[in-house]
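A closer look at the structure
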Amino acid sequence: MGKRKLLLVDAVLYVDSDTVFLSPVQEIWAMFQNFNATQFAGMAPEHEDMNAGWYNRFARHPYYGELGVNSGVMLMNLTRMREFRWEEHILPIYREYRLQLVWGDQDILNVLFHYNPDRLYVFPCDWNYRADHCMYMSVCDAPDGVKIIHGNRGYFHSRAQPIFNLIYSTIEEFTFRTDVYGNFIRTIEESLVLPSNSNCDKLLDKFLQDPRKYFKENQYEEVP
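Residues numbered from 1 in each chain as written. Predicted model: local features only at pLDDT ≥ 70, side-chain atom pairs only at ≥ 80, totals over all residues. Heavy atoms only, no water.

Our focus in this paragraph is the overall build of the chain. The helix and strand inventory of the chain stands at 8 helices and 6 strands. Along the chain direction, N to C, the helices and strands of the chain fall in the order β-β-α-β-α-β-α-α-α-β-β-α-α-α. Overall, the chain is about 60 × 55 × 30 Å in size when its C-alpha atoms are taken along their principal axes. Split into buried and exposed, the 224 residues of the chain put 49% on the buried side. Summarising the internal contacts of the chain: among those between residues at least 6 apart in sequence, 69% fall at separations of at least 24. As displayed, the chain has an accessible area near 12700 Å², and 52% of this comes from carbon and sulfur atoms. With 22 positive and 30 negative side-chain charges, the chain shows a separation of 7 Å between the mean positions of the two kinds. (Helix = DSSP H or I, 4+ residues; strand = E, 2+ residues; numbered from the N terminus. Buried < 20%, exposed > 50% of the residue type's maximum accessible area, 1.4 Å probe, protein only. Contact = heavy atoms within 4.5 Å. Areas by Shrake-Rupley, 256 points an atom, 1.4 Å probe, with all protein chains shown as cover. Lys, Arg positive; Asp, Glu negative; His and termini not counted. Charge placed at Lys NZ, Arg CZ, Asp CG, Glu CD.)

Dropping the structure here:
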């Protein structure tokens, strides 16, 4: 018998388990086409505001750019990462900074791209939208709506920012092959209590911009 041919995966989209897509996955996958000849990964900024940023105020290790990047959503060109010899860079970073790491792999990636900024493609915050972007003031413009919502630090499971919990719970309870507009979009519109003390809640239209675009009223009938 001949030797088995090893099939290598060229690219992957990594997302944390506490993320919810509000737009088609094909849209973020298409961003691979935006990479230049040196870039092998894509991530969103950790923050948009110097006054509230974590890395610029607290980090005890190098980080990417002025505010760092967040690893909750990450495009990875594995072919280029292999050529870069990824593991030969990552392990030394861990050994050198292991006592200063607070956010684990995200901190390691920030150190890596601090020293190799030409390897990173930075995509907009609407593709990794967190409560940090709206809880104090709106610092992520998201002109085309929120694309991926990231419920880090347990926001999907608490009422601290009601819209995060409501979107998550509505999707969790959604029955496939039923009316998306009525059982998702309208449920959120009717369940969110406005006016609200939460600045995030006030951005309801940003969160529902893409769902409203893709799912119209009476588009689907209930399946018996």
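Now that the structure has been shown, the text picks up again.
Before going further, it helps to examine the state of the cysteines. Summed over the entire model, instances satisfying the criterion amount to 2 disulfides. The partner cysteine of Cys134 in its disulfide is Cys200, sulfur to sulfur 2.0 Å. On the sign convention where negative means left-handed, the S-S torsion of about 95 degrees between Cys134 and Cys200 marks this disulfide as right-handed. In this pair, Cys134 is assigned in the loop between β5 (120-122) and β6 (148-150) and Cys200 in the loop between α7 (180-191) and α8 (204-214), connecting sequence segments 66 residues apart. Given a relative accessible area of 0%, Cys134 falls into the buried group. What connects to what in the chain, once the bonded cysteines are numbered by sequence position, is 1-3, 2-4. (Disulfide = S-S within 2.5 Å.)

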